[in-house]
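Each chain, letter by letter, is given below.
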Amino acid sequence: MSPPRRSSSSHGDRTSTENLQKNNSSNSGVILDISTLKMAEVDSEVPPLPPRYRFRDLLLGDQTFQNDDRVQVEFYVNENTFKERLKLFFIKNQRSSLRIRLFNFSLKILTCALYILRVSLDNPKDTPCPMCQNNSLTNTTETPGEIKWGYIFWVNRRVPVWAIQVTVALISFLETMLITYLSYKGNIWEQIFQISFILEMINTVPFIITIFWPPLRNIFVPVFLNCWLAKGALENMINDFHRAIQRTHSAMFNQVFILICTLLCLVFTGACGIQHLERAGKELSLFDSFYFCIVTFSTVGYGDVTPQIWPSQLLVVILICVALVVLPLQFEELAYLWMESQKLGGNYSRHRAQTEKHVVLCVSSLKIDLLMDFLNEFYAHPRLQDYYVVILCPTEIDIQVRRILQIPLWSQRVIYLQGSALKDQDLMRAKMDDAEACFILSSRNEVDRTAADHQTILRAWAAKDFAPNCPLYVQILKPENKFHVKFADHVVCEEEFKYAMLALNCVCPATSTLVTLLVHTSRGQEGQLSPEQWQRTYGRCSGNEVYHIRLCDSKFFGEYDGKSFTYASFHAHKKYGVCLIGVKREDNKSIMLNPGPRHIMAATDTCYYINITKEENSAFIFKQEEKHNKGLPVTGLYDAPSRLPVHSIIASMVDQATSYGTVAIDLQNPDPPEESSKLTLPTENGAGSRRPSIAPVLEIADSSAILPCDLLSDQSEDETNQSDEEGSVGSDFVKGYPPNSPYIGSSPTLCHLLPQKAPFCCLRLDKGCTHNSFEDAKAYGFKNKLIIVSAEMAGNGLYNFIVPLRAYYRPRKELNPIVLLLDYPPDNHFLEAICCFPMVYFMAGTIDNLDNLLQCGIIYADNLVVVDKESTMSAEEDYMADAKTIVNVQTMFRLFPSLSIITELTHPSNMRFMQFRAKDCYSLALSKLEKIERDKGSNLAFMFRLPFAAGRVFSISMLDTLLYQSFVKDYMIAIARLLLGLDTTPGSGYLCAMKITEEDLWIRTYGRLFQKLCSSSAEIPIGIYRTESHMFSTSESQVSINVEQGEEQRDRRESWKEKTAHRNSTTSDQSEHPLLRKKSLQWARRLSRKSAKPSSRAERISQQRLNLYRRSERQELSELVKNRMKHLGLPTVGYDEMNDHQNTLSYVLINPPPDTMLELNDIVYIIRSDPLAHMPEDSQVGQTRSMRNQQDFGTETRDETHL
């Protein structure tokens, strides 16, 4: 440390502060100001701050400005010494050292260029030799084969070239000595024996000596070795450049750059060295030697150019040895970095991010199923074909995922990056700030789902912090964590949707299948090659999706401006086959499903409809005008039963169109006459007491006259007969909002509640208390069937199972008791939330314990919902996570065959094991059909599995597409929440179902049913749940479906099928039971076409034995159940062991064609308008309450036939 020096400046705190800033800015050390102890203040001018790092500062240091009355103590640091200042300028400072290295690199390149210039001007015969006689090599005697050593040591160097080389050598020498001095750290020999220092001395010292000894000016100096010094300078310069701009290229880039420089230096060194040595033998040009080096290093070895003397041959050997050592090391490092980069994934360049569109997918672990679901759904939309998907995942890429991403279809559009969303560097690699959207998905296979949600929340926060303008699409698992990510543009809570969907499955069968088909993108071409009619119809209707369009821009709905919503929905379905389900006002952000006849359509309304394709992809062909011009008669929509309906034409055109094409809609009758809307009752139905026709749908209906009424009976039917029964069921229920919500962010829903909260002890089903002594479900004497939910623990998501089943629009007399069968008893927080709901109980037990199932009343249950347990979601083998659930459900299926079991699975592919029959050839044929559809690229290959089609199995991963579709359809989450009852918008309707009985078959077609519902109760049907009888044979000779045979013979039998179908359709209208007659005819035709020999007696005996075996097995299971019931003290009267639904199949038809014939026991999905929307606004409180009670009574009357 240097001694302090004295300096003076002005007095005062301000002057002291500015001087302190001045000295700090010049890095001159720490200043101790002791003048503040003096109380005098003298004004003086503050000197300017000295500039930084000037050459004057390097030589003179900081100039101290003279002040008289100030004492400044300056503690020197190392940077104040002259050596440290030089080191700072030449080495430490990024920008100055970068300039110096650039200058040094230019000098080395200049020396190499001067060497090439000297070689091009050199003539060996004119080479002077100061050691020879007459100072020339031409006078020496030459012997054949003798090496001319003089040509090696002496060259012909022109004076200008020598002068430039000397100047460059002198500058390089001084710079090298200065850098060596500044880099000295105590060991001089370490500095001297560095390769770079030795090369500098070899290339510079001989030129400096020639200044003082002129005869040596033509001595040979291997200046071409400066290429290695240029390589080192270039590497250091790139490093300094990265430090200066605070950006780095990848390690792969640096390694490739080093490898290229090494190869260039080897080739240049070999070419120059061989050319010079061959001056003493066979003279080679510089190009010939370069050609020889390229041929040699590439291991080709033509042999047309070879070195002739041993010094050049020795040089070749040395170069090959060096290459064998250096290049493998470089390639090994490059290969290692390439493998690591393959794991990390690389970068998404800034240029691509600015010129192309991409989305970022953030996941904690990427599985093949998750990836394919995302890619298939994302790229199913035509306008997303040019988008890129950047996957950001912290784990190493899976082998299966790597194989998928190497497929040309995905390799050009999907980029995998290994990194964390919590690191800004990784988000920068993914160019999150330029992304069109960011999808953050949770890992549902984690044992601790709460911890998985916490990780998702942090990823969402990090993405929002890094790119505030990037839209976020977040998937959360537990509802209590949803409010942490409410800032995201779209949020899907898995447990909310899961439990609400399972709850609706109990009252509206196969709601899970209905919603899953709606949120999947499909063209309706699945199953069209199958010989089974139900598969073709089911597959064609699965192509229906939800679309939107403004009313003023629509041809579907544009003509209904100023008319009621119900009128627009019916006539759009009648004319175009589209189903209008909802609308949104321009000044209101809320979507309303079926707002009812009070809603008058406006030109600015946004219409939401279900159709096989969107209107923009449709071509309209008006044939009505052509008929008028030709004078042909015009027929109504339902006048000609043999004419192809509109919806069938749409579906047939979709089969032939590509995913990017348009669909032609044939409008046979744009404006049907009014007479076609009034349909007389067929005389063969024998229902002359009912109304003879269906009332027309009015343009502007009197909504006060439209109340929910019974479709099967007259509205004037006496309702007093049910009042007594109804009073015993729900007279003590009130309507209100639940007082306690188990988590923040739950949507308030008006529900049936108890007048007072039930004590916690009364919620326990299997134990009595001081308030009641009931210990089993039989003792309670429930009027309706039970709904049992088997779950591992009472999570907050179960609240969303109860709310849809206790909503205010559910009839009180049809409320089913809910029993929660939990592995672990619930806590008081959950009991506090459910104690206000009527007929909700819990019991501790598991589904693999028969006693627990019997105690909770499984023989009195109509539905059993088995929720996937969190502890089994993670397994060593991924698809084994559902093993325990599948086996337990299979056991219950065998014990209670009449019970409707709704199961949730982790993996959709495991649904083929539900209700498994080992010898069921029909299921094997369905498996072949699934494989065929998967090979065709279908997103719904599993849709033909009977448990899924019937709505008895569900996987929450099927709803992942709901989040993916929200990128294109931002309204899909809102519509799904309204359908499932998770949200209740004022004026919006709700999803329910009604059953078709024998008295309803006079309506005949789905189009007439649409008109009936719209005109009578303002309800919008959206689909049918159909159940058909089917024979599931176990013999291969009686298989009712053969997919391969159907594909091969479909073209050959197409015309025959059309004729047969037409003949069957005309005869079935006259049959009393058209479905059974049609199925029997089809079954007879299949058997007749097989032309097989009649079964032998041995086969019949074996079949009888099998039936006896089955009967004995079922009797054994029945005895087991009855014995356990007797042991528990339960009556065995309600157990029906023979009621079996194994010979039926069920499926969903979304928005079927208007000419679809209604069948017995069809269940129609309808969207009913909000009952509260019809309440009079000017009534008093008491009148409103009485009106609500009357309306509830009317609703219950209407809902007698509803599930």
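Structure's up top.
Residues numbered from 1 in each chain as written. Predicted model: local features only at pLDDT ≥ 70, side-chain atom pairs only at ≥ 80, totals over all residues. Heavy atoms only, no water.

**Q** In this structure, what is going on with the packing of helix H3 (residues 82-92) against helix H4 (residues 94-121)? I would like to understand it.
**A** The packing of two helices is summarised by the inter-axis angle and the distance between the axes. Two elements in contact, H3 and H4, have axes whose closest approach is 6 Å; the angle formed by their N-to-C orientations is 65 degrees. Judged on the interaxial angle alone, H4 and H3 are roughly perpendicular. Two secondary-structure elements touch here, H3 through Leu-88, Phe-89, Phe-90, Ile-91 and Lys-92 and H4 through Gln-94, Ser-96, Ser-97 and Ile-100. Taken together, the residues of the contact of H3 with H4 break down into 5 nonpolar, 3 polar and 1 charged. (Axes fitted to C-alpha atoms, helices over the stretch in contact; angles between N-to-C directions. Helix = DSSP H or I, 4+ residues; strand = E, 2+ residues; numbered from the N terminus. Parallel < 35°, antiparallel > 145°, perpendicular 65-115°, else oblique. Contact = heavy atoms within 4.5 Å. Nonpolar A, V, L, I, M, F, W, Y, C, P; charged D, E, K, R; others polar.)

**Q** How should I be thinking about the environment of Leu-905 in this particular structure?
**A** Looking at where Leu-905 falls in the secondary structure, it is placed in strand E21 (residues 900-905). Setting aside anything within four residues of it in sequence, one finds Leu-905 in contact with Asp-868, Asp-882, Thr-885, Ile-886, Asn-910, Met-911, Met-914, Val-953, Phe-954, Ser-955 and Ile-956.

**Q** What is the right way to read the pairing of strand E18 (residues 818-822) from this model?
**A** Along E18, 5 of the 5 residues are buried, which leaves the element largely enclosed by surrounding structure. The side-chain alternation of E18 yields two buried faces, one formed by Ile-818, Leu-820 and Leu-822 and the other by Val-819 and Leu-821. Across 5 bridges, the pairing between strand E17 (residues 786-791) and E18 is parallel. Considered in E18, the bridge of Ser-790 is made with Leu-821. Considered for its hand, the β-α-β crossover made up of E17, helix H27 (residues 799-805) and E18 is right-handed. By the bridge criterion, 5 bridges tie E18 to strand E19 (residues 840-844) in an arrangement that is parallel. Across the sheet, Leu-820 pairs through a bridge with Phe-842, a residue of E19. One crossover worth recording links E18 to the parallel E19 by way of helix H28 (residues 828-834), and it is right-handed. (Buried < 20%, exposed > 50% of the residue type's maximum accessible area, 1.4 Å probe, protein only. Pairing = 2+ DSSP bridges. Right-handed = clockwise from strand over helix to strand, strands pointing away.)

**Q** Can you walk me through helix H21 (residues 533-541) in this structure?
**A** Each α-helix turn comprises 3.6 residues. Residues three or four places apart therefore point the same way. Burial runs high along H21: 7 of the 9 residues are buried. Looking only at H21, the buried set comprises Trp-534, Gln-535, Arg-536, Thr-537, Tyr-538, Gly-539 and Cys-541. Check the buried side of H21 and you find it contacts helix H20 (511-519), helix H31 (921-935), helix H32 (946-949), strand E24 (1020-1029) and strand E25 (1144-1150).

**Q** Sorry, what's going on with the nonpolar core here?
**A** In a soluble, globular protein the nonpolar side chains are often hidden away together inside. The biggest cluster of nonpolar side chains holds 205 residues, and the ones touching the most others in it are Phe-378, Phe-439, Tyr-538, Phe-557, Phe-801, Phe-837 and Ile-858. When residues no more than four places from it in sequence are discounted, the contact partners of Ile-858 are Ile-788, Leu-853, Leu-864, Met-892, Phe-896 and Leu-899. Counting 28 residues, the second largest nonpolar core, distinct from the first, contains Tyr-388, Leu-417, Ala-430 and Met-432. (Core = buried A, V, L, I, M, F, W, Y, C linked by side-chain atoms within 4.5 Å.)

**Q** Which parts of the structure should I look at to understand the pairing of strand E10 (residues 579-584)?
**A** Residues in a regular strand point their side chains to alternate faces of the sheet. Among the 6 residues that make up E10, 5 are buried, leaving the element largely enclosed by the rest of the structure. Alignment of E10 against strand E12 (residues 606-611), held across 5 bridges, turns out to be antiparallel. For Val-583, the partnering residue across the bridge sits in E12 and is Cys-607. Judged from the 2 bridges that link them, E10 and strand E11 (residues 592-593) form a sheet pairing that is antiparallel.

**Q** Please clarify how unusual backbone geometry should be interpreted in this entry.
**A** Leave glycine aside and you will find that most residues have negative phi; peptide bonds, for their part, are mostly trans. A positive phi angle, near 60 degrees, is found at Ala-510, a position not held by glycine. As for its position among the elements, Ala-510 is in the loop between helix H19 (494-507) and H20. Positive phi is not limited to glycine here, since Asn-1151 has a value of about 45 degrees. Of note, Asn-1151 is situated in the loop between E25 and strand E26 (1163-1168).

**Q** For this particular structure, what's the right way to read the packing of aromatic side chains?
**A** Any two aromatic rings considered together are summarised by their centre-to-centre distance and by the angle between their planes. According to the stated counting rule, one finds 35 aromatic pairs in the structure shown. With 3.7 Å between their ring centres and 10 degrees between their planes, Tyr-809 and Tyr-990 make a pair best called stacked. On the criterion of sequence distance, the pair formed by Tyr-809 in the loop between H27 and E18 and Tyr-990 in strand E23 (residues 990-995) is long-range, its members being 181 residues apart. Each member of the pair, Tyr-809 together with Tyr-990, is buried. By the ring-pair criterion, three or more aromatic residues cluster together here, those being Phe-374, Phe-378, Tyr-379, Tyr-387, Trp-410, Phe-439, Tyr-473, Tyr-964 and Phe-967. Between Arg-413 and the ring centre of Tyr-379, over which it is positioned, the NZ or CZ distance is 4.0 Å. Its end group placed over the ring of Tyr-547, Lys-969 keeps NZ or CZ at 4.3 Å from the ring centre. (Phe/Tyr/Trp six-rings, centres within 6.5 Å; stacked < 30°, edge-to-face > 60°. Lys NZ or Arg CZ within 6 Å of the ring centre and 35° of its normal.)

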